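# Descriptive analysis of the structure
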Amino acid sequence: MDQRNRLMKAAVFEGPERMSVKQVPRPECGPGEVLVKVKACAVCGTDIRIYYHGQKNVVPPHIIGHEIAGIIAEVGEGVGDCQSGEPVTLVTSVGCGGCKYCQKGYVNLCPSGKALGYFYPGGFAEYIAVPREAVGQGNVLKLPPGISFEEASIVEPLSCCINGQDYLKIESGETVAVFGAGPIGRMHAELARASGASRIILIDLSPQRLELARNCSSIDYIVDAARENPVERVLDLTHGEGADVAIVACSSGKAQQQALKIATKKGRVSFFAGLPKQNSIIELDSNIIHYREISVFGAFASYREQYLRALELISSGKVEAKDIITHRFPLDRIVEAIETAKSGIGLKVVITDEA
């Protein structure tokens, strides 16, 4: 391999609001590793926060991006279940393999866990080397026929939504209210419909996001929280009973408080989105939880089995991933892509080699 072929283009995070697209050494494919040529890598809300504010587990200079789909370019010695040319997506979380969480398959909760795009270099580059630990845990997942690379880049966030909804046990005929009309909120709505929910209420402050949701077949009612009280509106729509399930898919303490108020007796509430660390404490009326027997759940990331379910939902058409993708950019325009994702003018933004 000559010197030119030893280099690749990558977007290198160098500190808050500093991202350089440049030539860097192409990763080698060592024993037990897999080298993937990145075809699509979606922009996550965490990528936006890292770009603007940094993150303690991302040490610059570093390549971020973890919603990855591509083609296997090389297979290292000792890897028997991967072949060059296969289309794949990658599981982000890499556990230690020995703790009680890893032993149960909950690699996302591993106390010493690492992740692609955080500890390991990520997907905002032409190539990514999947480390031996990740390959050994089965983190390279083959794509089923018919799923595009762009759609496959949505597998990671959809798997996180599956993790959140696994606690909620949504049943046929139930009413689900989702706070947040961004890409995660929309995925929650699609997933709830696929689980049998008969009525889905979407709540947001953004007129752009709400307008995008008006033609979504999975959503029955749209609540503009800038113009009406979402608690009063949901109670009105449910004849005073409230929602069986409330999902907070936006970083809002106020929305978390409202979610508890709209939950019916024996309702389930998911605080899916985290809050800013400097403002993560909310006032909580515990009597609502006590007297209505409400269950409140958290959710963080996802694990391999949920990725497989996400792949099946997308490939079967039960979740229309392509409807959630509104913007595509080449790697050279990574900063513009991040700014677009932050602006809220669309939904999912994807960096693709075909943009």
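A few points on the structure. (Residues numbered from 1 in each chain as written. Predicted model: local features only at pLDDT ≥ 70, side-chain atom pairs only at ≥ 80, totals over all residues. Heavy atoms only, no water.)

### What about the sheet that holds strand 12 (residues 221-224)?
The line we're drawing: Here the rule is simple: two strands pair whenever DSSP picks up at least two bridges between them. A helix here means a DSSP run of H or I that spans at least four residues, while a strand means a run of E at least two residues long, and both kinds are numbered starting from the N terminus. Think of each axis as a best-fit line through the C-alpha atoms, taken over the contacting stretch in the case of a helix, with angles from 0 to 180 degrees between the N-to-C directions. Residue contacts are defined here by distance: any two heavy atoms, one from each residue, within 4.5 Å place the two residues in contact.
Ordered by their spatial adjacency, 6 strands build an open sheet running 12-11-10-13-14-15, and the pairing between neighbours is parallel. A single partner strand is all that each edge strand has here, and the edge strands are strand 12 and strand 15 (295-298). For this sheet, the mean angle separating the axes of adjacent strands, direction not counted, is 15°. Bridge analysis of strand 14 (residues 263-271) against strand 15 gives 4 bridges, and the strand direction is parallel. Pairing of Ser 270 across the sheet is with Phe 297, part of strand 15. Its contacts with the sheet put helix 9 (residues 253-262) on strand 10 (175-179), strand 13 (243-248), strand 14 and strand 15, and the angle it makes with strand 14 is roughly 155°.

### Examining helix 8 (residues 230-237)
Along an α-helix, residues three or four positions apart point the same way, because every turn accommodates 3.6 residues. Where we set the bar: Using a 1.4 Å probe on the protein chains alone, a residue whose accessible area is under 20% of its type maximum counts as buried, one over 50% counts as exposed, and one in between counts as partly exposed. The directions considered for the arc run from the helix axis to the C-beta atoms. Whenever two N or O atoms come within 3.5 Å, that pair is a polar contact, provided that in protein one can donate a hydrogen and the other can accept it, and provided that, for residues adjacent in sequence, both atoms are side-chain atoms.
Among the residues making up helix 8, those that are buried are Pro 230, Val 231, Val 234 and Leu 237. Down the axis, helix 8 shows its buried residues gathered within 135° of arc, on one side only. The exposed set on the far side of helix 8, more than 90 degrees from its buried face, consists of Glu 232 and Asp 236. Tucked inside the fold, the buried residues of helix 8 contact strand 10, strand 11 (199-204), strand 12, strand 13 and helix 9. Between the side-chain oxygen of the N-cap and the backbone nitrogen of Val 231 there are 2.9 Å, and the N-cap of helix 8 in question is Asn 229.

### Here's the deal with the pairing of strand 5 (residues 87-90)
One ladder, built from 3 bridges, connects strand 4 (residues 67-75) with strand 5; its direction is antiparallel. Across the sheet, residue Ile 71 finds its bridge partner in strand 5, namely Pro 87. In this sheet, strand 9 (residues 140-142) lies alongside strand 5 in antiparallel orientation, the contact comprising 3 bridges. Looking at the pairing, Thr 89 lines up with Leu 141 of strand 9.

### Some thoughts on the pairing of strand 2 (residues 18-25)
The sheet contact formed by strand 1 (residues 7-15) and strand 2 spans 8 bridges and is antiparallel. Each residue of the ladder has a partner; that of Gly 15, found in strand 2, is Arg 18. Hairpin remark: strand 1 followed by strand 2, antiparallel, with 2 residues in the connecting loop; positive phi at Glu 17, about 60°.

### Structural notes on helix 5 (residues 155-166)
Inclusion rule: A helix's residues, less one, multiplied by 1.5 Å, set its expected span.
Its 12 residues give helix 5 an end-to-end C-alpha distance of 16 Å, which sits within 8% of 16 Å, the value for a rise of 1.5 Å per residue. With 11 of its 12 residues buried, helix 5 lies for the most part within the structure. Taken residue by residue, helix 5 has Val 155, Glu 156, Pro 157, Leu 158, Ser 159, Cys 160, Cys 161, Ile 162, Asn 163, Gly 164 and Gln 165 as its buried positions.

### So, the packing of aromatic side chains
This is how it is decided: Pairs were defined over the aromatic rings of Phe, Tyr and Trp, the Trp ring being its six-membered one, requiring ring centres within 6.5 Å. Orientation was assigned from the angle between planes: stacked under 30 degrees, edge-to-face over 60, tilted for the rest. Counted as over-ring charges are cases with an Arg CZ or a Lys NZ within 6 Å of the ring centre that also lie within 35 degrees of the ring normal.
This structure, assessed with the given rule, holds 4 aromatic pairs. The interplanar angle of 25° and the centroid separation of 5.5 Å between the aromatic rings of Tyr 167 and Phe 297 together place this pair among those described as stacked. Residue Tyr 167 is located in the loop between helix 5 and strand 10, and its partner Phe 297 is located in strand 15; the two are separated by 130 residues in the primary sequence. Tyr 167 gets classed as partly exposed once you look at its relative accessible area, which sits at 38%. Positioned over the ring face of Tyr 52 is Lys 342, at 5.2 Å from the centre of the ring.

### Overview of a nonpolar patch on the surface
To be explicit about the condition: For patch building, the residue pool is restricted to those with more than 30% relative accessible area and no salt bridge; the joining distance is 9 Å between like charges and 5 Å between nonpolar side chains (Val, Leu, Ile, Met, Phe, Trp, Tyr). Computed by Shrake-Rupley with a 1.4 Å probe, the accessible areas treat only the displayed protein chains as cover when residues are assessed. Salt bridge, as used here: a side-chain nitrogen of Lys or Arg that lies within 4 Å of a carboxyl oxygen of Asp or Glu.
A cluster of nonpolar side chains, contributed by Tyr 106, Leu 109 and Phe 300, occupies part of the molecular surface with about 290 Å² of accessible area. Structurally, Phe 300 can be placed in the loop between strand 15 and helix 11 (304-315). Residue classification places Phe 300 among the exposed residues on the basis of a relative accessible area of 54%.

None of this, on its own, says anything about what the molecule does.
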